[in-house]
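Here is what each chain is made of, one letter per residue.
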Amino acid sequence: MKFARPRAQPEMVQLTPLIDCVFILLVFFMLAGSIRPTDAFPVDLAASRATVFGDEREAVILIRPDGALALGSRPMARPELLSAVGAIVRANPEALVQLKADAEADANLVIGLMEELREVGVGYLVLLTKGVGLEGEG
Amino acid sequence: MQLRQRPNHSFVALQITPLIDVVFMLLVFFMLATNFARFRLIGVESPQERQVAATAEGAIVIEISADGGLRFDGNDAPRAALPDLVARTVAIDPNRQFLVRPGPGVSLQEAVTAHDEARAGGARFLSFSRTREARP
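All figures in this text were calculated on a predicted structure; none of them were measured in a lab.

Reading guide: rules and limits
Residues numbered from 1 in each chain as written. Chains lettered and ligands numbered in written order. Predicted model: local features only at pLDDT ≥ 70, side-chain atom pairs only at ≥ 80, totals over all residues. Heavy atoms only, no water. Helix = DSSP H or I, 4+ residues; strand = E, 2+ residues; numbered from the N terminus. Buried < 20%, exposed > 50% of the residue type's maximum accessible area, 1.4 Å probe, protein only. Contact = heavy atoms within 4.5 Å. Areas by Shrake-Rupley, 256 points an atom, 1.4 Å probe, with all protein chains shown as cover. Buried area = accessible area lost by both parts, 1.4 Å probe. Salt bridge = Lys/Arg side-chain N within 4 Å of Asp/Glu carboxyl O. Polar contact = N/O pair within 3.5 Å; in protein donor to acceptor, adjacent residues only side chain to side chain. Patch = residues over 30% accessible without salt bridge, like charges linked within 9 Å, V, L, I, M, F, W, Y side chains within 5 Å. Axes fitted to C-alpha atoms, helices over the stretch in contact; angles between N-to-C directions. Left-handed = near helix turned anticlockwise from the far one by under 90°. Nonpolar A, V, L, I, M, F, W, Y, C, P; charged D, E, K, R; others polar. Pairing = 2+ DSSP bridges. Expected span 1.5 Å × (residues − 1).

Caption draft 1: Examining the overall build of chain B more closely. Within chain B, the secondary structure is distributed over four helices and six strands. Starting at the N terminus and ending at the C terminus, chain B contains elements arranged as α-β-α-β-β-β-α-β-α-β. With 136 residues in all, chain B has 37% of them scored as buried. Nonlocal contacts in chain B, meaning residues at least 24 apart in sequence, comprise 66% of its contacts between residues at least 6 apart. Surface exposure of chain B reaches about 8600 Å², of which carbon and sulfur atoms provide 57%.

Following this line, the structure appears as structure tokens:
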């Protein structure tokens, strides 16, 4: 008795579910995250138990432990920074200015900068911190 | 003689490989460039707070020193007692203003921790202030 030999079919990998997953991941990352310019230098934020959460906004001032300052991605000297922030606040008096200061920075240096920012007309000023015990947050 | 050829009805596979390439590129870009960081915000200045600061004469000053010492309204106190001291004051006057005043050499982390403790004690109007020695 002679059985018909099954003909070898070319094996096709099913790509459709893979493409579905990749599209879903793509849409998730596009919608859930935000793309921002990189900070001028890395800053290790102070930890706090503040219960108000938020994202970075238009004016983010970075303060390094040695006192170096930056406005977002641009390192700046103090007078230049104050005039740049003053211009932002004059254009939009409701602008939220955020201080992203290193935990090891001198507190008096940070508070001094807060006072100078108030003098150039900053209305709303917040200090950005990370959660207590959460290394990855912030 | 048959001049007209029959149309070829064989199945034409759509080439999706370049599409998948592009989608993968986009996916890798967004995975690397996207930022999910959320911050905890400490409000230190707003027009309302400034109004309070201008009118509140008897603000209580919480002085912290680099060696871990605490002075609450001019009196030495153990550091751990800060939330209790604030709570006792707030029980008498809920609208009392508190100023966290770090001494020379105190790091921002210590000032923020003291701010947290005062907030835990129930302080509603809380701000930072510089030491007189540190002013230029």
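Caption draft 2: Summary view of the interface of chain A and chain B. Taken together, the contacts link 53 residues of chain A with 43 residues of chain B. Interface area for chain A against chain B, summed over the two sides, is near 4400 Å², with a carbon-plus-sulfur share of 66%. Three residues stand out in chain A for area buried against chain B, namely Phe29(A), Asn108(A) and Leu127(A), and they jointly supply 14% of the buried area on that side. Summed over the shared surface of chain A and chain B, the number is zero salt bridges. The interface formed by chain A and chain B contains 14 residue pairs in polar contact (both at pLDDT 80 or more). Contributions of two or more residues to the side of chain A that touches chain B are made by helix H1 (16-32), strand E1 (47-48), strand E2 (53-54), strand E6 (96-101), helix H3 (107-119) and strand E7 (124-131) of chain A.

Caption draft 3: Spatial organisation of a nonpolar patch on the surface. A contiguous nonpolar surface patch, about 340 Å² in accessible area, is contributed by Val13(A), Leu15(A), Leu18(A) and Phe24(B). Relative to the assigned elements, Phe24(B) resides in helix H1 (residues 17-33).

Caption draft 4: Structural view of unusual backbone geometry. The residue Asp73(B) is not glycine, and still its phi comes out positive at about 55 degrees. Here Asp73(B) shows up in the loop between strand E3 (70-72) and strand E4 (75-77).

Caption draft 5: Summary view of the packing of H1(A) against H1(B). One can describe the packing of H1(A) onto H1(B) by two numbers: an axis separation of 9 Å at closest approach and a directional angle of 35 degrees. Of the two possible hands of crossing, H1(A) and H1(B) adopt the one that is left-handed. Only Ile20(B), Val23(B), Phe24(B), Leu26(B), Leu27(B), Phe30(B) and Met31(B) of H1(B) make contact with H1(A), whose side of the interface consists of Ile19(A), Val22(A), Phe23(A), Leu25(A), Leu26(A), Phe29(A) and Met30(A). Across the contact of H1(A) with H1(B), the residue classes tally to 14 nonpolar, no polar and no charged.

Caption draft 6: Broad picture of the sheet that holds E3(B). All names here are of chain B. The strand order across the open sheet built from five strands is E4-E3-E2-E5-E6, with neighbouring strands paired in mixed fashion. Where the open sheet ends on each side, the last strands, each with one partner, are E4 and strand E6 (125-128). This sheet shows a mean twist of 25 degrees between the axes of neighbouring strands, independent of strand direction. Summarising the sheet, strand E2 (residues 60-64) and E3 pair through three bridges and their orientation is antiparallel. When the sheet's bridge partners are listed, Ile-64 is paired in E3 with Leu-70. On top of the sheet, helix H4 (residues 108-120) reaches E2, strand E5 (97-102) and E6; it is set at about 170 degrees to E6, its chief contact.

Caption draft 7: Broad picture of H3(A). Residues and elements named next belong to chain A. With 13 residues, H3 extends 19 Å between its outermost C-alpha atoms, agreeing within 8% with the 18 Å of an ideal straight helix rising 1.5 Å per residue. Every buried residue of H3 is listed here: Ala-107, Asn-108, Val-110, Ile-111, Gly-112, Leu-113, Met-114, Glu-115 and Leu-117. By the N-cap criterion, in which a side-chain oxygen at the helix start approaches the backbone nitrogen of a residue two or three places on, H3 is capped by Asp-106, the distance to Asn-108 being 3.1 Å. Following H3 by one or two positions, Gly-121 adopts a phi angle in the positive range, close to 105 degrees.

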